[in-house]
Amino acid sequence: MIELTVKRAMSDPIMAIVRAWADEEIMFATYLLGRSCAASPDLEKILAMASIGQDEFGHAELLLNLLVPNPSSRRDRERYFFERGPSDFRICGLLKLELLDDWAMFVARAFLYEEAEGVRLRWLAQRPQLADVVAAMAREEEEHRRYWRWWISALAKHPEARERLGAALAHLSPYVGDVLWAEDGAPSWDPLTLRKQWADEVSSFLLPLKVPDVEALIARMGEEPGPSPEVPSFTKFIREQQRIYRSDPEAVTWG
Amino acid sequence: MHEYEAFVRFRKGEPLQHVGSVRAPDDDSAVEAAYTVYLRRDTFERLWVVGRQHILELVPDPDADRRRIQDTEYRRPSFFVRRLAGAGYVPPRLSDD
Amino acid sequence: MTAVVRDGFPAIGDVDGFVAYIQAGGKVEAGDWMPDEYKKEIIKIAGFQAILEVVPMPLFRKWMYFAPTLWRRRPLLGKIQDEVGHCHITARMLEDLGKSREELFNDYLEGRIPLNYPFKFPVESWGELPAMLLLTNSAAIVQFRSLAHGSYLPYCRVMKKIMREESFHFYHALQLCHELVTEGTPRQRAQVQEGLAKWWNIAIYQFGPPEGLTKSRDWRKWRVKVDENEKLRQQWIGMLLPIVRSLGVEPDPRLERDPETGEWHYSPLDWDQFFRLIRQRTPLEEWYIEEFRRNYEGDLWVMKALKELPAAA
């Protein structure tokens, strides 16, 4: 177990970024969990996702330790997740979509999100208070990025799959507006610069693969951030997850 | 000349294990060489010989800062056995048959 | 692998000799010659097991989304990874015997492979989940432990690998039951305890009917399976009864151990009802099959794309 010193001197704007980070990791991990439960002859893929999902839950736990009053209290971390309302979750539109049904959608979103993670991690690595946490995650995140990039390039090699990938990326395009956008972020957190980095890295990987119709997506990715379209299913999704916990306020533990 | 790796299952029921490599000009010579070098004194169930160029390999990078978060202790029985013990409950041992 | 004839091993085509060899305790290694009937027996037993590992995944997804504990999503996802892994190594063994995983999955979708009996029944509360896992998992452990001594060595190796991971699942389920029973509200405790009582009476059927009630006797001939159903049921009762009792549940008032034979006597089981249920599909089973079909078909384009990838340079 890595003992991380909790730095109480973290500024509020950085806390805002970590809050979004934690929420997004939990959500992404949950989708990986969901997708790991979908049968496929490609059992190897399910095994890989279950492994990535466990990594992401681990990351989320590390981050929650930075956010709760008493990091050694499991109860505090649980309360942090279950006792906030859906609108208190800091999640970009890209991660409000569940997208479990189609592999092209799932991979396209995972790829875009993990590439944004890479940009975010590099920025956070420069904050001394977070260096430990970032170092613990960086290696795994690099492996994850490699995994999603492999899928994108594998699908791009096959005409039908490439079409589906293009369609998936186009579908996700409206939801990239609020990625890497911390509303009350630190002064040195410049969403536009970070988003341009994100757009550049994604486009330099994606364009040579000849995936169709990605120009609009990439343009949007590199723009000033703005709100994402509403995802009505997200509110319901959070409430469903919290229902049992909230059904018994007397409970000291849920296991 | 090519390098070949040799794997042997000595006894029924055991997994194949790597016993070493040989250098040989072609596949047939390689099998012969592996047998001569590694198996002259042993009984064995089967021998595999594979050209090294056909082997795909993955090696973890020892210099990388590969600290896995919380290890994977949550996946070990001992993690849950300790929690139970901490709560004063001694679970039975599952027989490791 | 090339078929091999070793000293003491029956000649290729000598089915009677093969049976005698097996009866005398002989073991079969990957690559050995085997009669078609023997291969079919392995495929039947291992195919059933591979399917039960992977088909119930939607149940876990549902409960993980509802799970009122965030940290346990990680060990539960670890368990899912293990189960899929078990399906994978079993499927790989079957592929070495010429049965592809696509054929296996189609067998299930077309009703040729049934789902393990306990999966007919729903889990209706959070506290019931660890109770179900504890009892059905432990029953599987008892069955796998026995299969690890069978005549087909590759399958024995699969079983041994599976067993190493099953112990993590067992202790995880036990610890969750224990935590809810000892630290939970009365309602949480009741969910676990009622769950244990309910699932005791389901898991006990998991071993199948005793000899005399089943028609098939071929298993004794081939020894891929080596123990009678009742023997395994007895082992399970002996193992789980003290645990279930320690969690505050008396699963069957008529449970008692014969002082002379050591055999457990218990309330009579309704095998007529069992055979009737085996022939039906419950709504839950319909749900499993539809989810499986939907996900499997949804992924076919991906499999096609991967198969048609140009080979690496």
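What counts and what doesn't
- Residues numbered from 1 in each chain as written.
- Chains lettered and ligands numbered in written order.
- Predicted model: local features only at pLDDT ≥ 70, side-chain atom pairs only at ≥ 80, totals over all residues.
- Pairing = 2+ DSSP bridges.
- Helix = DSSP H or I, 4+ residues; strand = E, 2+ residues; numbered from the N terminus.
- Axes fitted to C-alpha atoms, helices over the stretch in contact; angles between N-to-C directions.
- Contact = placed C-beta atoms within 7 Å.
- Nonpolar A, V, L, I, M, F, W, Y, C, P; charged D, E, K, R; others polar.
- Parallel < 35°, antiparallel > 145°, perpendicular 65-115°, else oblique.
- Left-handed = near helix turned anticlockwise from the far one by under 90°.
- Core = buried A, V, L, I, M, F, W, Y, C linked by C-beta atoms within 7 Å.
- Buried ≥ 20, exposed ≤ 12 C-beta atoms within 10 Å, placed from the backbone.
- Domains from an automatic or database assignment.

## Description of the sheet that holds strand S3 (residues 46-51) of chain B
Residues and elements named next belong to chain B.
Alright, step 1. Read from one edge of the open sheet, three strands run S2-S1-S3, paired in antiparallel fashion. For this open sheet the edge positions go to strand S2 (17-24) and S3, each flanked by a neighbour on one side alone. Between one strand and the next, the sheet's axes are offset by a mean angle of 25 degrees, whatever the strand orientation.
Alright, step 2. In terms of strand pairing, strand S1 (residues 2-9) meets S3 through six bridges, oriented antiparallel. Pairing of Phe7 across the sheet is with Trp48, part of S3.
Alright, step 3. On the sheet, helix H1 (residues 27-39) packs against S1, S2 and S3 and is oriented at approximately 125 degrees with respect to S2.

## Let's talk about the interface of chain B and chain C
Where interface size is quoted, it is often the accessible area lost as the parts come together.
Alright, step 1. Tallying the contact residues gives 19 residues for chain B and 21 residues for chain C.
Alright, step 2. Counting residues per element, the side of chain B that touches chain C draws most heavily on helix H2 (residues 77-86) of chain B, at five residues.
Alright, step 3. The residue inventory of the side of chain B that touches chain C, partitioned by class, reads 11 nonpolar, one polar and seven charged.

## Things to note about the packing of helix H4 (residues 103-124) of chain A against helix H7 (residues 191-206) of chain A
Residues and elements named next belong to chain A.
Alright, step 1. Running from N to C, H4 and H7 cross one another at 130 degrees; their axes reach a closest spacing of 10 Å. The orientation of H4 with respect to H7, classified from their angle, is oblique. Both H4 and H7 take part in a crossing whose hand is right-handed. Taking contact as the criterion, the partners of Leu112, Glu115, Ala116, Val119 and Trp123 in H4 are, on H7, Leu194, Gln197, Trp198, Glu201 and Val202.

## Quick notes on the pairing of S1 of chain B
Alright, step 1. As paired elements, S1 of chain B and S2 of chain B share seven bridges and run antiparallel to each other. Its bridge partner being in S2 of chain B, His2 of chain B is matched across the sheet by Ala24 of chain B.

## Remarks on the nonpolar core
Soluble, globular proteins show a tendency: their nonpolar side chains are buried together.
Alright, step 1. By size, the foremost hydrophobic cluster in this structure holds 158 residues, and its most contacted members are Leu94, Val107 and Ala108 of chain A together with Leu135 and Cys177 of chain C.
Alright, step 2. Ranked by the residues each element gives to this core, the list is headed by H4 of chain A, at 14 residues.
Alright, step 3. Each of two domains, domain 1 (1-34) and domain 2 (35-296) of chain C, supplies a minimum of three residues to this core.
Alright, step 4. The residues contacting Leu135 of chain C, other than those within four sequence positions of it, are Leu196, Trp199, Trp200, Ala203 and Leu240 of chain C.
Alright, step 5. Residues Tyr4, Ala6, Val8 and Ala34 of chain B belong to the second largest nonpolar core, which totals seven residues.

## Overview of the domain arrangement of chain C
Residues and elements named next belong to chain C.
Alright, step 1. When cut into domains, chain C gives domain 1 (1-34) and domain 2 (35-296).
Alright, step 2. Domain 1 and domain 2 are separated by 31 Å when their C-alpha centres are compared.
Alright, step 3. Of the residues assigned to the side of domain 1 that touches domain 2, the class counts are seven nonpolar, one polar and two charged.

## Points about the environment of Pro283 of chain C
Alright, step 1. Counting through the fold element by element, Pro283 of chain C comes out in helix H12 (residues 283-298).
Alright, step 2. C-alpha separation for the pair Pro283 of chain C and Phe18 of chain C, spaced 265 residues apart in sequence, amounts to 43 Å.

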